[in-house]
Every structure is written in structure tokens, then in C-alpha cells.
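Inside the fold
Here is what each chain is made of, one letter per residue.
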Amino acid sequence: MIRLLFIFVSIVCFNASSFANDFERVVPPQALRSGLTFISEDLRSLARSDDLNPAFLWVIQGEALWKKTESAEHPSCSSCHGESNQSMRGVSTRYPQLDKQSGQLINLEGRINECRTRHQKLPELALESDEMLGITAYVGMASRGLPMNAHIDASNIEHFRRGRELYYTRMGQINLACTHCHEQNWGRKLQGETISQGHINAYPAYRLEWQRMGSLHRRLRACLSGVRAYMFPLGSSELLDLELFLAWRSTDPKIIVESPGVRR
Amino acid sequence: MAARIITPTNIKSNEPFEVRILIQHAMETGYRLDLMGTLIAKNVIKNLTVTYLDAVVFKASLGTGIAANPSLQFWMRAPQNGLLKLSWEDDLGVMGQAEKLLEVK
């Protein structure tokens, strides 16, 4: 009985409730590093060059979509927001956010779709479509070089707590939580890869494994698939809560927005 | 399908310069299986041609060994201003094109 209790205690001892407060960090702030520092020099040079970075194939589509006017009733993004590198500067660093009208937590993709249906009177863009990836990359690019900037306050603390809970909950047949790789074993090898700290500053990013651009939610699903857990749907409330927690976790002067980034 | 043609900003008449091409294409190898276990048909960029002032300056035929969104680069010389035209065709017969105006000093 005592042995059973001991096993039980050792299983639950590392979950969200074992922290003194909601804002306790496992990785100390001085050790925080962007995922860019974990990839090879070849890949870094690809990420540095706007000419060679394959993500720019999506950015140019996003730019075209930003400027495209369907008709007078369906204005383009630029007819309200103007030049994205001015009006959208810093925007992607603040997401996910609560939508004032609906009270829902939404990320950048959600905001773009909301703007399309509410103001542009256009159909929503499908998540993971070339158009959606293109426009999020184009908007995200306006914040390049700025640090991530998530604000947690009384309005979104519940989402944050749920995201934090997910982050420290063991999942899937492999029975791992995010923390086991990305906080307790970052810098070590997982097969041929170096485990990163799991910051979200490069997304949407071009990933060599996918051979295309992908969103953060796709990346999170790839991790869920890796531990053989239930893969929460793209844009689901679970992934949004987790995204909010991750955004807070990546909020540090050293973690600057790289989108559209390049990753393994 | 999007494509980018990247050239230097200052091109001098008859001086060699490097042209980079990036094409968005899945470059399906023909060896992969889908979730049901059926083979996904090969679909790569079969032919690719770059012309400048209606003269062919670069030609390539790609195969299964080339990664998605291929990046190609070559050197050329340009005597005067003109349109650099890129066109390609894949195994499914889908054609794509892109062009860029070269300004020669």
C-alpha cells in the first residue's frame, strides 16, 4: 500500500499544482534561447536570408491577399490597415488574445478570420491553407525583431491556467508532458535532433520535415502525435489555451519574433 | 503555385550576375504511400525554362530526388533591360510562370 502511494506521489509530483504560483518558470530567464539557436548553421543561414527562405513563397501570397480587393462591399485588408509593416507592427507578439465582442480566446488566425467575416464579408480561410499561412506569415513578419509580449491578467488567467495544466500533464501512450522534453531535457538529443525549449516565436514557420509552411497548431499536433496522444483539432480551445501559456513562456527580451522562421 | 525570381539590385551591362529561382511545388516523389497504403503518383516539375529577351538562358528537367519547393541558381549576362521569364510544367501537366523585369545599368 505504501509502495502504491509512493508511485502515485511520484506520478503527480510534477504537475501544475506543484508550483508555488502560476508564474513560476522551470527554465530560468537567463537560460532562455530561441529555437533558432538549436538548428544547424545551414538552416540558420536559410532563415536569415529573405531571398533563400522558402517561407517567402507563402509570404508573397499573403502580401497579394492583403492587397486584394474583391469589390466595394468586400474591402481588402490594406484598405483599412494600410501598410502592414506599420499598422501590424507588434500585433503578432500579443496573440492569443480575448476577442472583445465574443469573449473567446483567439489567435492571429482566428483574428484574421474574424476580420474577414465581420468586416470584409468574406468566407473564412481554412486553417493550414496556403492563403491562411501566407497572410499570418505576412502579418507576423511586421513584428520581426520585436520580443514576444503576452499579457496575463484577470481576464485571461483561466485560459492561461488551463494551458499551463496541459503543458504539465502527461499524455499519450508514451506518457510524456511538454515539460519533460522542452524544460527538463532541452539541449539534449532526441534521435538526431537537439531538443529545443519549445518557443513559439518562429511560427508560422517553414519546416523541413513537412517540406512546407505550417502553423503553430500543426506543430503542437506533431508533438501530440509523437507521444501518441489525442491530437486536439486545429484551432481548438485546448490548443489556444496552450498557445497562450506558450506565448507567456516565450515572453522575454531574448525571444524575438522570427516569423516566417525555418525549423527542422 | 507561387514562384520567386531573385536577382541582384545593381546589374551592369554584360557583367555576369547570379539568378535564383524558388518555386512552390510539392515535388511528390512517387515512392510515398498515403494513409490507405496506396502509392501517391509521382508529380515533379518536369521541365523548366528561363528566357531573357526571347532567348533561352537556362533549362532544367528535375527528377524525384529533388526536395519540395526547389531552389535553383544560375549565372547569366544581360546586355540591356528586359523581361526574365520563367515557365515550368509538372507531371500532371500543370503549368506555371513568373517574370521579372531586369533593369540593367
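See the structure printed just above.
Predicted model, so just to flag it, every value in this text is computed and none were measured.

What counts, and at which threshold
Think of each chain on its own: its residues are numbered from 1, step by step along the sequence as written. Going through the entries in the order they are written, you letter the chains from A and number the ligands from 1. Two thresholds apply to this predicted model, a pLDDT of at least 70 for residue-level local features and 80 or more for giving and counting side-chain atom pairs, whereas whole-chain, interface and lining totals are computed over all residues. For this analysis, nonpolar core means a set of buried Ala, Val, Leu, Ile, Met, Phe, Trp, Tyr and Cys residues linked through C-beta atoms within 7 Å. Exposure in this text rests on C-beta crowding, where 20 or more other C-beta atoms within 10 Å of a residue's own make it buried, 12 or fewer make it exposed, and counts in between make it partly exposed. The C-beta atoms are placed from the backbone. Only DSSP runs of H or I with at least four residues qualify as helices, and only runs of E with at least two residues qualify as strands; both kinds are numbered from the N terminus onward. What counts as a contact is two residues whose backbone-derived C-beta atoms lie within 7 Å of each other. Structural elements are reduced to axes, namely lines fitted to C-alpha atoms, with helices fitted over the stretch in contact, and the angle between N-to-C directions of any two is expressed from 0 to 180 degrees. Here the word oblique covers every angle except those under 35 degrees (roughly parallel), over 145 (roughly antiparallel) and from 65 to 115 (roughly perpendicular). Note that Gly is not counted as nonpolar here; it falls among the polar residues with everything else outside the nonpolar set of Ala, Val, Leu, Ile, Met, Phe, Trp, Tyr, Cys and Pro and the charged set of Asp, Glu, Lys and Arg. Any two strands with at least two DSSP-identified bridges between them are counted as paired. Given a helix with a known number of residues, its expected span is that number minus one, times 1.5 Å.

1. A look at the nonpolar core
Residue and element names in this part refer to chain A. Counting residues in hydrophobic clusters, the biggest one holds 60 residues, and the most contacted among them are Ala 55, Trp 58, Val 59, Ala 137, Leu 244, Phe 245 and Ala 247. Examining the composition of this core, we find that eight residues originate from one element, helix 11 (residues 237–249), more than from any other. Beyond its immediate chain neighbours, meaning those up to four positions away, Phe 245 contacts Phe 160, Gly 163, Arg 164 and Tyr 167.

2. Focus: the packing of helix 6 (residues 108–120) of chain A against helix 7 (residues 130–141) of chain A
Residues and elements named next belong to chain A. Where helix 6 meets helix 7, the closest approach of the two axes is 10 Å, and the angle between their N-to-C directions is 110°. Judged on the interaxial angle alone, helix 7 and helix 6 are roughly perpendicular. Contacts from Leu 108, Glu 109 and Ile 112 in helix 6 reach Met 132, Ile 135, Thr 136, Val 139 and Gly 140 in helix 7. Tallied by class, residues from the contact of helix 6 with helix 7 come to five nonpolar, two polar and one charged.

3. Things to note about the interface of chain B and chain A
Contacts between the two partners involve 10 residues from chain B, matched on the other side by nine residues from chain A. Elements with a minimum of two residues in the side of chain B that touches chain A: strand 1 (3–6) and strand 2 (17–23) of chain B. Here the side of chain B that touches chain A is built from residues that sort into five nonpolar, three polar and two charged.

4. Looking at the sheet that holds strand 2 of chain B
Adjacent strands of a sheet pair through backbone hydrogen bonds, lying either parallel or antiparallel. Residue and element names in this part refer to chain B. What the three strands build is an open sheet, ordered 1-2-5; its pairing is antiparallel. The sheet is open, and its two borders are formed by strand 1 and strand 5 (71–76), each paired with just one other strand. When the angles between neighbouring strand axes are averaged without regard to direction, this sheet yields 15°. The sheet contact formed by strand 2 and strand 5 spans six bridges and is antiparallel.

5. Here's the deal with helix 10 (residues 216–226) of chain A
All names here are of chain A. Regarding helix 10, the residues found buried are Leu 216, His 217, Arg 218, Arg 219 and Leu 220. Each element contacted by the buried residues of helix 10 is listed here: strand 6 (212–214) and helix 11. Arg 228 occupies a position one or two residues after helix 10 and carries a positive phi of about 55°.

6. Some points on the environment of Leu125(A)
Residues and elements named next belong to chain A. By the element assignment, Leu 125 lies in the loop between helix 6 and helix 7. Judged by the 19 C-beta atoms lying within 10 Å of it, Leu 125 is partly exposed. Taking the C-alpha atoms as reference, Leu 125 lies 8.4 Å from Ile 112; in sequence the two are 13 residues apart.

7. Details of helix 7 of chain A
Residue and element names in this part refer to chain A. Spanning 12 residues, helix 7 covers 16 Å between terminal C-alpha atoms, matching the ideal 16 Å at 1.5 Å per step. Along helix 7, 10 of the 12 residues are buried, which leaves the element largely enclosed by surrounding structure. Residues of helix 7 that are buried: Met 132, Leu 133, Gly 134, Ile 135, Thr 136, Ala 137, Tyr 138, Val 139, Gly 140 and Met 141. Where helix 7 is buried, its residues meet helix 3 (56–67), helix 5 (84–87), helix 6 and strand 6.

Everything listed here is a matter of coordinates, which is why it stays silent on function.
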